Amino acid sequence: MRNMFFYKLFRESKALFIFIIILCLGQYYFTKNEKNSIPWFYWAMYSSAENLPEAVNQFIIHIDGEEFDYLSLDYWGGIAVFKSIDKYKAIRDNSMRDPKIDLVYSKIDFLPEKAQSFILYKLLNKPFEVDSFPKWLHGYLEKKLNKKIEKIEVYNNWYKYINGKFQFSGGGDVFLQYESTP
């Protein structure tokens, strides 16, 4: 009994002992009531079955008329390119309004209006930033690939999950186009 952790902790630091007991009781309460507290303690976050989507969209990039092999980018470079294209599409599809604005606003609506304005300005994309995205993408790919690029085209393709595999279901239209000027 005297070698148990909690016994030693109680004898050495009663404040730390009480703090740890409160944390344990709090976590027990959250778990019992199926509330999220600290994500790594919440088992259901990791144990639910993963469902395949009915359809997925995939961006195909053409650089100077040739399909771009995105595997030529490093891992984080690929994520930067495709996530930013996805974000650009979401903003464009939402009439140049950042789709996260309602979510962000719901989290900060208790703050004074000046603080809300400052946070929204810093966190969300502005229309002039969205308009400059194609030029940014061009410069980013030139830098990553270390070559001069004349023209970039991004195609938006849709695939449906049919009979155990994804099959092309439409799209193929040019979603974004940028030509550099000499």
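Report on the accompanying structure. (Residues numbered from 1 in each chain as written. Predicted model: local features only at pLDDT ≥ 70, side-chain atom pairs only at ≥ 80, totals over all residues. Heavy atoms only, no water.)

As a further point, take the pairing of strand β4 (residues 165–179). With twelve bridges connecting them, strand β3 (residues 151–162) and β4 associate as antiparallel partners. Note that in β4 the partner of K151 across the bridge is E179. (Pairing = 2+ DSSP bridges. Helix = DSSP H or I, 4+ residues; strand = E, 2+ residues; numbered from the N terminus.)

Take the sheet that holds strand β2 (residues 66–67) next. On the basis of which strands lie adjacent, the open sheet formed by four strands has the order β2-β1-β3-β4 and antiparallel pairing. Every interior strand has two partners, whereas the edge strands, β2 and β4, have only one. Of the strand pairs in this sheet, strand β1 (residues 55–63) and β3 are connected by nine bridges, and their pairing is antiparallel. Across the sheet, I60 pairs through a bridge with Y155, a residue of β3.

Turning to a nonpolar patch on the surface, a few remarks are in order. Taken together, the side chains of F5, F6, I21 and L25 present a nonpolar region at the surface, about 380 Å² in accessible area. Among the secondary structure elements, those contributing two or more residues to the nonpolar patch are α1 (5–12) and α2 (14–32). With respect to the element layout, F6 can be found in helix α1. (Patch = residues over 30% accessible without salt bridge, like charges linked within 9 Å, V, L, I, M, F, W, Y side chains within 5 Å. Areas by Shrake-Rupley, 256 points an atom, 1.4 Å probe, with all protein chains shown as cover. Salt bridge = Lys/Arg side-chain N within 4 Å of Asp/Glu carboxyl O.)

So, on to the pattern of salt bridges. When the charged atoms of two side chains with opposite charge come close together, those side chains can pair. The full count for this structure, using the stated rule, is seven salt bridges. The partner of K144 in a salt bridge is D74, with the nearest N and O atoms 3.0 Å apart. Here D74 lies in the loop between β2 and α4 (75–93) and K144 lies in helix α8 (residues 133–145), a separation of 70 residues in the sequence. The residue E153 makes a salt bridge to K151 at a minimum N-O spacing of 3.4 Å. Residue classification places E153 among the buried residues on the basis of a relative accessible area of 12%. On the basis of relative accessible area, K151 is assigned to the partly exposed category, the value being 27%. (Buried < 20%, exposed > 50% of the residue type's maximum accessible area, 1.4 Å probe, protein only.)

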